[in-house]
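# Secondary and tertiary structure notes
Read off the chains here:
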2 protein chains.
Amino acid sequence: MRDGVFRALADPTRRRILELLATRDRTAGEIADEFPIAFASVSHHLGVLKNAGLVAAEREGQHVRYRLNTTVFQETVKYLMNVFAGGTDA
Amino acid sequence: MRDGVFRALADPTRRRILELLATRDRTAGEIADEFPIAFASVSHHLGVLKNAGLVAAEREGQHVRYRLNTTVFQETVKYLMNVFAGGTDA
DNA sequence: GACTTATTTAGATACTTATCTAATCATCTA
DNA sequence: TAGATGATTAGATAAGTATCTAAATAAGTC
């Protein structure tokens, strides 16, 4: 599960998506508009982020609205701080 | 540069290496002993971690001693917290 | 210098992934 | 229900990566 989070964070497009969502929720289309790549590719990235638990999606009529899942962020920060502090053998 | 950090963190073997180094410095051999994979593969992982700036290496006679680079950890935590707080458009 | 031990590098293979286009699914509107 | 719009899924391709064995480099010992 942690694997998925870091793999998701490893791609700059996906990090940019997260940064966009951090300021406010957006629909898939609004997100896709921010990138020069194909709509389908952005959709794929959104799927990766959703799978990792970093974002949540909710259908709103024709649109699908994405938002940041802050819980997973917090857990990830906690994990890193724990390793950094030498406290993590697990 | 951030890319390298998250890509490095995406592999469970490498995270485990970081966790080991968090408790104390170790030589490449000591680290390799902890894993069931080939020595050369661990060496490769160490290279990835070093490249990402997450660890530093120093030759000590025949051995090469690895240690955690806490600075990059701190920066990474900072980045995540910043996104999490909605403060990062960059 | 030859031999041993510690580590990295090279080359090969299998697997994963980012991207694309085309097709499909979902919802709304006329 | 047909057509339009928004979004995901499928299939293909090219690039990246984790692993291996074998070879090379570095340092200590005899």
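Residues numbered from 1 in each chain as written. Chains lettered and ligands numbered in written order. Predicted model: local features only at pLDDT ≥ 70, side-chain atom pairs only at ≥ 80, totals over all residues.

## Let's talk about the packing of helix α5 (residues 70–84) of chain A against helix α5 (residues 70–84) of chain B
For the pair α5(A) and α5(B), interaxial distance at closest approach is 10 Å and the crossing angle is 165 degrees. Judged on the interaxial angle alone, α5(B) and α5(A) are roughly antiparallel. Crossing of α5(A) against α5(B): the hand is left-handed. Here A:Thr70, A:Phe73, A:Gln74, A:Thr76, A:Val77, A:Leu80, A:Met81, A:Val83 and A:Phe84 of α5(A) lie close against α5(B), whose contacting residues are B:Thr70, B:Phe73, B:Gln74, B:Thr76, B:Val77, B:Leu80, B:Met81, B:Val83 and B:Phe84. Grouping the constituent residues of the contact of α5(A) with α5(B) by class yields twelve nonpolar, six polar and no charged. (Axes fitted to C-alpha atoms, helices over the stretch in contact; angles between N-to-C directions. Helix = DSSP H or I, 4+ residues; strand = E, 2+ residues; numbered from the N terminus. Parallel < 35°, antiparallel > 145°, perpendicular 65-115°, else oblique. Left-handed = near helix turned anticlockwise from the far one by under 90°. Contact = placed C-beta atoms within 7 Å. Nonpolar A, V, L, I, M, F, W, Y, C, P; charged D, E, K, R; others polar.)

## Re the protein's contact with DNA strand D
Inspection of the region around DNA strand D gives 26 residues, with A:Gly29, A:Ala40, B:Ala38, B:Ser41 and B:Gly61 positioned closest. If you list the elements that add at least two residues to the surface near DNA strand D, you get α3 (28–32), α4 (39–52) and β3 (63–68) of chain A together with α4 (39–52) of chain B. It is α4(A) that contributes the most residues to the surface near DNA strand D, six residues altogether. Among the residues making up the surface near DNA strand D, the classes are represented as ten nonpolar, 13 polar and three charged. (Near = placed C-beta within 6 Å.)

## Section: the relation of the copies chain A and chain B
Each copy superposes on the other: chain A lies on chain B with an RMSD of 0.0 Å after a rotation of 180 degrees and an axial shift of 0.0 Å. In short, the pair behaves as if placed about a two-fold rotation axis. Most of the interface of chain A is mirrored in chain B: 100% of its interface residues are interface residues there too. (Least-squares fit on C-alpha atoms with pLDDT ≥ 70 in both.)

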